[in-house]
Amino acid sequence: MQWRSIVVGLVVLRLSVSWVLWLAFGLGPDVSSGFNFHLGFNLHKFDLLFREEREAELSSCSQRIQGHSYEETASTCAKIEEGPSRTPYLNLFDGNRDEYVRRYSSFPDALRTKMKDMAKEMFYFGYENYMKYAFPEDELNPIDCEGRGPDVLNPSNININDVLGNYSLTLIDTLDTLLVLGNVTEFQRAVKLVIDTVSFDKDSTVQVFEANIRILGSLISAHILLTDPKHPFGEVGFKDYDNELLHLAHDLAVRLLPAFENTSTGIPYPRVNLKTGVPPDSVNETCTAGAGSLLVEFGILSRLIGDSTFEWVARRAVRALWNLRSNKTGLLGNVINIQTGQWVGKQSGLGAGMDSFYEYLLKSYILFGEKEDYRMFKAAYESIQNHMRRGRESCNEGEGDPPLYVNVNMFSGEIMNTWIDSLQAFFPGLQVLNGDIDDAICLHAFYYAIWKRFGALPERYNWQLKAPDVLFYPLRPELVESTYLLYQATKNPFYLHVGMDILQSLETNAKVRCGYATLHHVVDKSKEDRMESFFLSETCKYLYLLFDEDNPLHKSDNKYIFTTEGHVVPIDQRFREKQWNDLSPCEALPEPELNNQLPLSNISNCNRIPEERRYALPLKSVYMRQIDHMVGVF
């Protein structure tokens, strides 16, 4: 009986301590005991799942991320009533702030050089093994040291076939990265290989979006850098080059055009066969990002060759999607029927299915100077802030939960689930381009905390359960991209430490015999035998640029921007000049009054952090500790 008394005593003691903390830090009786966020999110501050006289009923639906299908499970949460304000609980995280200052406030030059070399070695380990074991196939299987092409035996395997078109994908996608790393000789050799070996006259059915951002965008970028009279990377052209990459880009774009035909809305089909056009059994549903993220590449191509067709069809698709947004919230859904214009997926968020739609509204304006693009972006950004953003008003001041963007119903603005996905990590970088640095700092810190916990970003993370919902990590670049852009905006050494953590995690957890492999499970670090092309095109590129302060891109008088696949394109006056009078016979979008003047379209709207904050932590220690605890880092 004595042992029972001891157990009962320990339980009573634990409950007593919990009750004292519960009352002391403002997490009292109006928080449902069914949540594991007693020191994390104050869910009663979200209107999210808990409004009076209703229960949040999450519908079970199958969501697709990059060709993987996952089922969401419906859940119901208890209602919570608002109560009186309580003692600030942030004091709990106020101890030992210097831990963060000591770790992040400086970054020696010698360490920066070491990390730059490490990023370069990472790229070449993947690239050289691709060329040795996989070329001319599309991708490298880094575990078995073999090439990978389309799954011809299983045409329904869209996870593979949407991306791999039997056109040396990894080589093409990597072209401008070779220049970023300063390897002009290998860049020229790779260009000649593409010219000599690549053809798009293939019986391959590919996703229009993937072919556009990975292949078309890279060909255009490499062509521009070859012929750019300003030569940011030095003398990179060669005398026998006769615009072959531009001709290849034009040929591919023509083969993608059938996707825009026979659609009553102007929104394109998701897939085309490069030989025969839209497959007879093609579905009529597409995602917002897939249909609405073609304007940058198609627009540049149109302005390079003087043919308005490509920009016209891409812009028509963007307008069609925009005109179908909710009248109440201003939000768009994530899946639409291209014939009826009905929203099949009503979830509105910043991740898979929607991410690059927002990105390209702003980048199109920066590149082309079309006011219509910025008006759409500004309205979309306001709707995002009004309906998706939760948490305290200021990132670096005040009480409450840190800012977070959640998935909501496009028509009501009510939250639909409690997960976010890794693609959303691009958004802080977009906020940097928009000049919203403080919010970018906070959201980036949240994703970095997830990385610190797992050494990777799970494809989906459930912020209510503090656990991954979908466990794989295919070496995505979005967090690295935002880290790089935030460093460029702030020059704060904190972001060099973030980059170092990412670089070392990849080296430890993903490196295999012939490259870097997808993590099948971010907890046990088991692997899948695949190295996607964006690992070399984006992840390695942004890591290298983060540590290479003297890169020609940073020193050039000309300004550059990155496509959604990380391809370098200059902000050039020739892209703001059309060789045609009327881009579209359709009526232009109405021009509402703007509260502020349009930002300059030849630069990103990036106001740097004040000098006095440059070498302080970008996020105060108390808030950084709060986010770490919320994610479960400690």
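One structure accompanies this document, and this report is about it. (Residues numbered from 1 in each chain as written. Predicted model: local features only at pLDDT ≥ 70, side-chain atom pairs only at ≥ 80, totals over all residues. Heavy atoms only, no water.)

Moving on to the overall build of the protein. Along the backbone of the protein there are 21 helices and 22 strands. Here the protein holds 634 residues, and 61% of them are scored as buried. Considering only contacts in the protein between residues 6 or more positions apart, those separated by 24 or more positions represent 72%. Accessible area of the protein: about 25300 Å², with a carbon and sulfur share of 48%. (Helix = DSSP H or I, 4+ residues; strand = E, 2+ residues; numbered from the N terminus. Buried < 20%, exposed > 50% of the residue type's maximum accessible area, 1.4 Å probe, protein only. Contact = heavy atoms within 4.5 Å. Areas by Shrake-Rupley, 256 points an atom, 1.4 Å probe, with all protein chains shown as cover.)

Once that is clear, we can look at the state of the cysteines. Following the criterion strictly, the structure yields 2 disulfides and no others. The disulfide partner of Cys 145 is Cys 514, and the gap between their sulfur atoms is 1.8 Å. Disulfide Cys 145-Cys 514: the torsion about the S-S bond is 85°, which places it as right-handed. With Cys 145 in the loop between β3 (139–141) and β4 (146–148) and Cys 514 in the loop between β17 (511–512) and β18 (515–516), this pair connects stretches of sequence that are 369 residues apart. (Disulfide = S-S within 2.5 Å.)

The next point concerns the sheet that holds strand β7 (residues 285–287). The sheet built from 3 strands is open, its strands ordered β7-β8-β9 with antiparallel pairing. With partners counted over all chains shown, the strands left at the sheet margins are β7 and β9 (343–345), one partner each. Averaged over all pairs of adjacent strands, the angle between their axes in this sheet comes to 35°, without regard to strand direction. The sheet contact formed by β7 and strand β8 (residues 335–337) spans 3 bridges and is antiparallel. Bridging across to β8, Thr 286 finds its partner in Ile 336. (Pairing = 2+ DSSP bridges. Axes fitted to C-alpha atoms, helices over the stretch in contact; angles between N-to-C directions.)

Pairing is antiparallel in the open sheet, where 3 strands are placed in the order β14-β15-β16. Each edge of the open sheet is held by one strand with a lone partner, namely β14 (419–421) and β16 (467–470). Direction aside, neighbouring strands of the sheet carry axes that sit 35° apart on average. Note that β14 and strand β15 (residues 460–462) share 3 bridges and pair antiparallel. Considered in β15, the bridge of Asp 421 is made with Arg 460. Each of β14, β15 and β16 touches helix α16 (residues 437–454); the most contacted strand, β15, lies at about 95° to it.

Summed over all chains, the structure comprises 31 salt bridges. Two residues, Glu 311 and Arg 315, come together in a salt bridge whose shortest N-O distance is 3.3 Å. Pair noted here: Glu 311 and Arg 315 are both in helix α12 (residues 309–323), with a separation of 4 residues, about one helical turn. Each member of the pair Glu 311 and Arg 315 is classed as buried. For Glu 532, the salt bridge is made with Arg 530, and the minimal N-O distance between the two is 3.7 Å. Both residues of the pair, Glu 532 and Arg 530, belong to the buried class. Connected through salt bridges with shared partners, the residues Arg 303, Glu 311, Arg 315, Arg 319, Glu 370, Glu 372 and Asp 373 form a single ionic network. (Salt bridge = Lys/Arg side-chain N within 4 Å of Asp/Glu carboxyl O.)

Turning our eyes to something else, we now look at the pairing of β16. Looking at chain direction, β15 and β16 are connected through 3 bridges and run antiparallel. Considered in β16, the bridge of Asn 462 is made with Ala 467. Hairpin connection from β15 to β16: 4 residues lie between these consecutive antiparallel strands, with Lys 466 at a positive phi of about 55°.

Our focus in this paragraph is the side chain of Asn 141. With respect to the element layout, Asn 141 can be found in strand β3. Look at Asn 141 and you get buried, because its relative accessible area is 10%. In this structure Asn 141 touches Glu 146, Gly 147, Arg 148, Asp 529 and Arg 530, once residues within four positions along its chain are discounted.

Turning next to the packing of α16 against helix α18 (residues 494–509). Two numbers describe how α16 lies on α18: the axes approach to 11 Å, and their chain directions differ by 30°. As the angle between them shows, α16 and α18 are arranged roughly parallel. Here α16 runs over α18; the crossing is left-handed. For the pair formed by α16 and α18, the contact residues are Ile 441, His 444, Tyr 448 and Trp 451 on the first element and Phe 494, Tyr 495, His 497, Val 498, Asp 501, Ile 502, Ser 505 and Leu 506 on the second. Of the residues belonging to the contact of α16 with α18, the class tally is 8 nonpolar, 3 polar and 1 charged. (Parallel < 35°, antiparallel > 145°, perpendicular 65-115°, else oblique. Left-handed = near helix turned anticlockwise from the far one by under 90°. Nonpolar A, V, L, I, M, F, W, Y, C, P; charged D, E, K, R; others polar.)

On to the packing of helix α17 (residues 478–490) against helix α19 (residues 533–547). Between α17 and α19, the shortest axis-to-axis distance is 9 Å and the interhelical angle comes to 25°. The angle between α17 and α19 falls in the class roughly parallel. Read as a crossing pair, α17 and α19 show a hand that is left-handed. Between α17 and α19, the residues in contact are Val 480, Glu 481, Thr 483, Tyr 484 and Tyr 487 and Thr 539, Tyr 542, Leu 543, Leu 545 and Leu 546, respectively. Class assignment for the residues of the contact of α17 with α19 results in 7 nonpolar, 2 polar and 1 charged.

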